[in-house]
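Here is what each chain is made of, one letter per residue.
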Amino acid sequence: MKSAPPLPYWADVILLPVINLLAALLVCGVIIAMLGENPFSALSVMIKGAFVYPSSLGYTLYYTTNFIFTGLAVAIAFHAMMFNIGGEGQAYLGGLGAGLAALWLGADFSPLIVLPVAVIASALFGAAWAFVPGYLQAKRGSHIVITTIMFNFIASSLMVWLLAGPLIQKGQQSPQTPTFDANAFLPKFSELLASVSIDVARSPLNLSFVLALAALVFFWVLVWKTRFGYELRAVGHNQQAAHYAGINVPRVIIITMLISGAFAGLMATNEILGVQHKVLLNFTSGYGFTGIAVALMGRNHPVGIFLASLLFGALFQGGAELDFEFDSITREMVLVIQGMIILFSGALAYMFNRPLSHFLASILNRKQAVNE
Amino acid sequence: MAIKTGKGDVETTSPFAIELQNVCKSFGRVQANRNISLAVENAAIHGIVGENGAGKSTLMNILFGLHSADSGSILIDGKPVEIRSSADAISLGIGMVHQHFMLVPNFTVLENIMLGREGDMLLKDGIASTMRELEELETEYGMQVNPHAKVEDLPVGTRQRIEIIKAIRGGARILILDEPTGVLTPQETDSLFAILRALRARGVTIILITHKLAEIMAITDSVSIIRDGKIVGSRETSKTNSGELAELMVGREVLLRVEKNAASTGETRLSVNGLGLSSNDGQPLLTEITFDLRAGEILGVAGVAGNGQSELMEVFAGMRTFDTGQMEILGDQIDSKHPKHPDSMRKTGLGHIPEDRHQHGLVLNFEASENLVFGFHHTELTGNGLLMDQKSIRSHAETMIERFDVRPANPDLPAKNFSGGNQQKLVIAREMNAEPKVLIVGQPTRGVDIGAIEFIHKQLVALRDKGCAILLVSVELDEILALSDRIMVMNEGRIVGVLDSADATERRIGLMMAGIAKEEAA
């Protein structure tokens, strides 16, 4: 029984994720080679598709925005040792909040009023949807994983009913709301830059990206600099000790879930206010769930979450390009590649921990021996 | 199967049952054992003492095959052996009784002892042979156990006896006991020692790991002292004394007795009247608890672990509500309808050093500086601004670390990386710094090394002399006797009696801990 020496911090946060990523790419490369395509040209298409082609970067960052919000939602709950799987439903409800605000106020008020209200509404609706599972966990001990999953289904049914019923555009067959008034459109970067005569390719990237960056900073300050963050982490590490220290544990759990839901809800600002300009069925398309992988890979830290979101954004965008360029690589194949990366950097995140730490320890020992 | 114990069964060519030669073991950069050489004679009781983290347990784990040594050799009966797993150790006749018992609580004694040697598909033969062996053990060593009792219903002393039976039933001729008396009453300790003597008489070699010097002096034939992973001395027990051993352990002279003056008590600060508490399934945990605690005194609560002391402390700390009766703490009336939470208790002037620092007292992943404001993170210690004032937290930590001599003196280090004694100093520093009017202290020196024990005891006495009312709960009778002005003994959630420390003897308290009334126990 030889116990591995602990991994240095830099290796844990940089080297290990990179190795995991390379391992995932290696397996994907083998699969692509088995399909009869050249893995290297596939990789190059993916990278070009995500960053190089005109407007590709904009698309990548647009996806990144979604992942930042849902990743933060999962991460904040993680810090309090809760597994919020309900990001999908909370984001869905966030879309409802944004949509209602945009539909009711859009025609009558200026964007300076409509947009902030719509953004806040998306956060509030997301938070409200997370409140019930949070309350049940805090006061009744109902497991948050179970309740948030159930709330995803409830959200889904609720939205089908609303979009096919009360909110449907009159005379329309497809279940979606009318398009908002232009006052409720979150400005796109391409339009903003065009107004100061900088010409960039059109993409769905909009101001919500800035909001996402602000959310990252807010997250960092909240978790590590405030008293509430301190209590939240204490509850996450040791609930009994938190109780001993006089922290109101149920209150911290409920507030954490509210914040988590708010982050998830804010995802709708990108999709609904920035791009679709109407609420439509299943606009969340799995971003809420991918947020779990993003938080896991980003180690629940804003910097990590940003990098992981960028990676997943690039995968989404580059993957679509892959589907486009190669006949034998289908949409499903792209999902397999994404799945591999989630598998290696999430479920198998610590697979290389032991060999790597032994390897590093042996290098260090050799260096010491040379010095002596 | 005959039980293999003693010289008669094995040909011995060496006078030593165990020899360790230059055993080294490191974990990463930490050298847990350096060049340890040790020889234990056949049929002797050999003590190993040392502070926490000195390397005692590592050494024993190497001997039992749980760790492998980096270098060095092990000789059993003069023959070099390789011990790669605990199975190897057992086949060489080494048995180990761990500090935390490895028993299945809802199995009977018989089922536990049989575990791993059930015999055939049907249990019939295994049961028969186990029963036969149990009878043999009973006649040979006087180790009585009821084979059909469920282990979870048995007292700790009996559970330990089952562990010993399991070990020698496996044919052990060498028995390692890791801190065996930590959970025993004095009477149970005595009967353990009687068993160990009987085993020695039959030729079993025993290694006893402990940090209690009194036990070393009482039972061992020889003793080795470990400090910083090295053996700093080996003595024949008859030619040494506790003072010398303590000095060797710590590396400097240690005060084993606590110096204190007579208490000058003041007003009543905590008054409890008929307090009762039941568990969720209706079992009484505390019954009719009535007593007063005055300023300037230390009231010791003695009792075997699990007789209501933990619940009592949690009630006082506001972590648990109670069902009946009432208490008055620093002028505030509290009963089941008017509970008080830990936060407001702390604000009224109550300090609480919890008995389990890992579960309650600290957040192990938090840095030392964060732990030093734990529970006080809404006070001026963390500044007045919207954000926590990192500078103020850090400078507070530096002050505390210096005043309470926490080592290493690094406020950024997570609490989990400190030794037990230094973790405890973090808790004590935090709670004492608030200058509490009432202090609830649970097991203040559990898992704390002897140098730190001295320090902690001094701090408690100094706080008492400043007029703090201290309730001290400890399973270490020595500690209770050394520090308390009055001693309250608990059994099954009731107060058996309260003694003045002048009237208290170890024997008397031991009997009261078993539930015998104060007058009869005189």
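Residues numbered from 1 in each chain as written. Chains lettered and ligands numbered in written order. Predicted model: local features only at pLDDT ≥ 70, side-chain atom pairs only at ≥ 80, totals over all residues. Heavy atoms only, no water.

A. Summary view of the overall build of chain B. A count of helical and extended segments in chain B gives 17 helices and 20 strands. Taken against the 2.2 N^0.38 rule, which gives 24 Å for 522 residues, the C-alpha radius of gyration of chain B at 25 Å falls within 12% of a compact globule. With the principal axes as the frame, chain B shows a C-alpha extent of 70 × 50 × 45 Å. Contacts spanning at least 24 positions in sequence make up 67% of the contacts within chain B whose residues lie at least 6 apart. (Helix = DSSP H or I, 4+ residues; strand = E, 2+ residues; numbered from the N terminus. Rg over C-alpha atoms; globule rule 2.2 N^0.38 Å. Contact = heavy atoms within 4.5 Å.)

B. Looking closely at the overall build of chain A. Scanning chain A from terminus to terminus reveals 15 helices and zero strands. In terms of its C-alpha atoms, chain A occupies a principal-axis envelope of roughly 80 × 60 × 40 Å. Counting across all 372 residues of chain A, residues that qualify as buried make up 52%. Look at the contacts in chain A between residues 6 or more apart in sequence, and 75% of them connect residues 24 or more apart. (Buried < 20%, exposed > 50% of the residue type's maximum accessible area, 1.4 Å probe, protein only.)

C. Expanded view of the interface of chain B and chain A. The interface of chain B with chain A comprises 34 residues on the first partner and 24 residues on the second. For the pair chain B and chain A, the summed buried area comes to about 2500 Å², and 53% of that belongs to carbon and sulfur atoms. Of all residues in chain B, the largest losses of buried area upon contact with chain A belong to B:Phe366, B:His377 and B:Met388, amounting jointly to 21% of the total for that side. Run the count over chain B and chain A and you get one salt bridge. Measuring nitrogen to oxygen at the nearest pair gives 3.0 Å for the salt bridge that ties B:Glu370 to A:Arg233. If you look at where chain B meets chain A, you find 20 residue pairs in polar contact (both at pLDDT 80 or more). Secondary-structure elements contributing two or more residues to the side of chain B that touches chain A are α10 (342-348), α11 (357-361) and α14 (420-433) of chain B. (Buried area = accessible area lost by both parts, 1.4 Å probe. Salt bridge = Lys/Arg side-chain N within 4 Å of Asp/Glu carboxyl O. Polar contact = N/O pair within 3.5 Å; in protein donor to acceptor, adjacent residues only side chain to side chain.)

D. Summary view of the packing of helix α5 (residues 111-140) of chain A against helix α6 (residues 144-164) of chain A. All names here are of chain A. Interhelical geometry of α5 versus α6 gives an angle of 155° and a closest axis separation of 9 Å. Considered as vectors, α5 and α6 are oriented roughly antiparallel to each other. Relative to α6, the crossing made by α5 is right-handed. For the pair α5 and α6, the contacting residues are Trp-129, Val-132, Pro-133, Gly-134, Leu-136 and Gln-137 in the first and Ile-144, Thr-147, Thr-148, Phe-151, Ile-154, Ala-155 and Leu-158 in the second. Its residues assigned to classes, the contact of α5 with α6 shows nine nonpolar, four polar and no charged. (Axes fitted to C-alpha atoms, helices over the stretch in contact; angles between N-to-C directions. Parallel < 35°, antiparallel > 145°, perpendicular 65-115°, else oblique. Left-handed = near helix turned anticlockwise from the far one by under 90°. Nonpolar A, V, L, I, M, F, W, Y, C, P; charged D, E, K, R; others polar.)

E. Summary view of the sheet that holds strand β1 (residues 16-27) of chain B. Residue and element names in this part refer to chain B. A sheet is described by the order of its strands in space; here four strands give the open sequence β2-β1-β4-β5, paired in antiparallel fashion. Across the chains shown, the open sheet's two edge strands, defined by having one partner strand only, are β2 (30-41) and β5 (79-81). Strand-to-strand twist in this sheet, taken as the mean axis angle between neighbours without regard to direction, amounts to 25°. With eight bridges joining them, β1 and β2 adopt antiparallel strand pairing. Bridged to Ile-18 within β2 is Val-40. Helix α1 (residues 56-63) rests against β1, β2 and β4 (71-76) of the sheet, and its axis sits at about 115° to β1. (Pairing = 2+ DSSP bridges.)

F. Looking closely at the sheet that holds strand β11 (residues 268-278) of chain B. All names here are of chain B. Strand order in the open sheet formed by four strands is β12-β11-β14-β15, and the pairing between neighbours is antiparallel. Both outer strands of the open sheet, β12 (284-294) and β15 (332-335), are each paired with one neighbouring strand and no more. Each strand axis lies, on average, 15° off the axis of its neighbour in the sheet, ignoring direction.

G. Region of interest: helix α8 (residues 242-250) of chain B. Residue and element names in this part refer to chain B. All buried positions along α8 are accounted for by Leu-245, Ala-246, Leu-248, Met-249 and Val-250. Summarising the contacts, the buried residues of α8 are in contact with β3 (45-50), α7 (213-219), β9 (222-227), β10 (230-236) and α15 (450-465). Backbone nitrogen of Gly-243 and a side-chain oxygen of the N-cap are separated by 3.1 Å at the start of α8; the cap is Asn-241. One or two residues past the end of α8 sits Gly-251, with phi positive at roughly 90°.

H. Representation of the pairing of β12(B) in the model. Residues and elements named next belong to chain B. Relative to β12, β11 is paired through seven bridges, and the arrangement is antiparallel. If you follow Leu-277 over to β12, its bridge partner there is Leu-286. Linking two consecutive strands that pair antiparallel, namely β11 and β12, is a turn of five residues; a positive phi of about 85° is found at Gly-282 within it.

I. Geometry of the nonpolar core. Judged by nonpolar contacts, the single largest core of 113 residues is most densely connected at A:Leu72, A:Ile76, A:Phe263, A:Leu273, A:Leu322 and B:Phe374. Broken down by element, this core gets its largest block of residues, 14 residues, from helix α11 (residues 249-276) of chain A. Within the second largest apolar cluster, 33 residues are counted, among which are B:Met400, B:Val427, B:Ala452 and B:Leu463. (Core = buried A, V, L, I, M, F, W, Y, C linked by side-chain atoms within 4.5 Å.)

J. Representation of helix α1 (residues 9-34) of chain A. Residue and element names in this part refer to chain A. End to end, α1 covers 37 Å across 26 residues, agreeing with the expected 38 Å (1.5 Å per residue, within 8%). Where α1 bends most, the angle comes to about 35°, and this point is Leu-15, followed within four residues by the proline Pro-17. Buried within α1 we find Ala-11, Leu-16, Pro-17, Asn-20, Ala-23, Ala-24, Cys-28, Gly-29 and Ile-32. A positive phi of about 95° marks Gly-36, the residue just after α1. (Expected span 1.5 Å × (residues − 1). Bend = angle between axes of the 7 residues up to and from the residue.)

K. A look at the packing of helix α2 (residues 39-52) of chain A against helix α3 (residues 56-79) of chain A. All names here are of chain A. At their nearest, the axes of α2 and α3 sit 5 Å apart, and the two run at 85° to each other. Considering the angle they form, α2 stands roughly perpendicular to α3. Judged by residue contacts, Lys-48, Gly-49, Ala-50, Phe-51 and Val-52 of α2 engage Ser-56, Leu-57 and Thr-60 from α3. Looking at side-chain class alone, the contact of α2 with α3 contains four nonpolar, three polar and one charged residues.

L. Layout of the domain arrangement of chain B. Residue and element names in this part refer to chain B. Partitioning chain B into domains gives domain 1 (7-250) and domain 2 (268-365 + 417-513). Spacing between the C-alpha centres of domain 1 and domain 2 amounts to 33 Å. With 13 residues of domain 1 at the contact, the number on the domain 2 side is 14 residues. Carbon and sulfur atoms supply 62% of the area buried between domain 1 and domain 2, which totals about 1000 Å² over both sides. At the boundary of domain 1 with domain 2, the tally comes to zero salt bridges. Inspection of the region where domain 1 meets domain 2 yields zero residue pairs in polar contact (both at pLDDT 80 or more). Only α6 (186-201) and α8 provide two or more residues apiece to the side of domain 1 that touches domain 2. With three residues, α8 is the largest single contributor of residues to the side of domain 1 that touches domain 2. Residue composition of the side of domain 1 that touches domain 2, grouped by class: six nonpolar, five polar and two charged. (Domains from an automatic or database assignment.)

M. Local environment of unusual backbone geometry. The omega torsion across B:Arg407 and B:Pro408 is -10°, close enough to zero to call that bond cis. Structurally, the position occupied by B:Pro408 is in the loop between α13 (390-403) and α14. Positive phi, close to 60°, is recorded for A:Asn300, a residue that is not glycine. In this structure, A:Asn300 sits in the loop between α12 (287-297) and α13 (302-325). The backbone of B:Gln443 shows a phi angle near 40°, a positive value even though the residue is not glycine.

N. Summary view of the side chain of A:Gln137. Residues and elements named next belong to chain A. With respect to the helices and strands, Gln-137 occurs in helix α5. Exposure remark for Gln-137: the relative accessible area of 19% places this residue in the buried category. A polar side-chain atom of Gln-137 sits 2.9 Å from the main-chain amide nitrogen of Ile-144. Excluding anything up to four places from it in sequence, Gln-137 contacts Met-82, Ser-142, His-143, Ile-144 and Ile-253.

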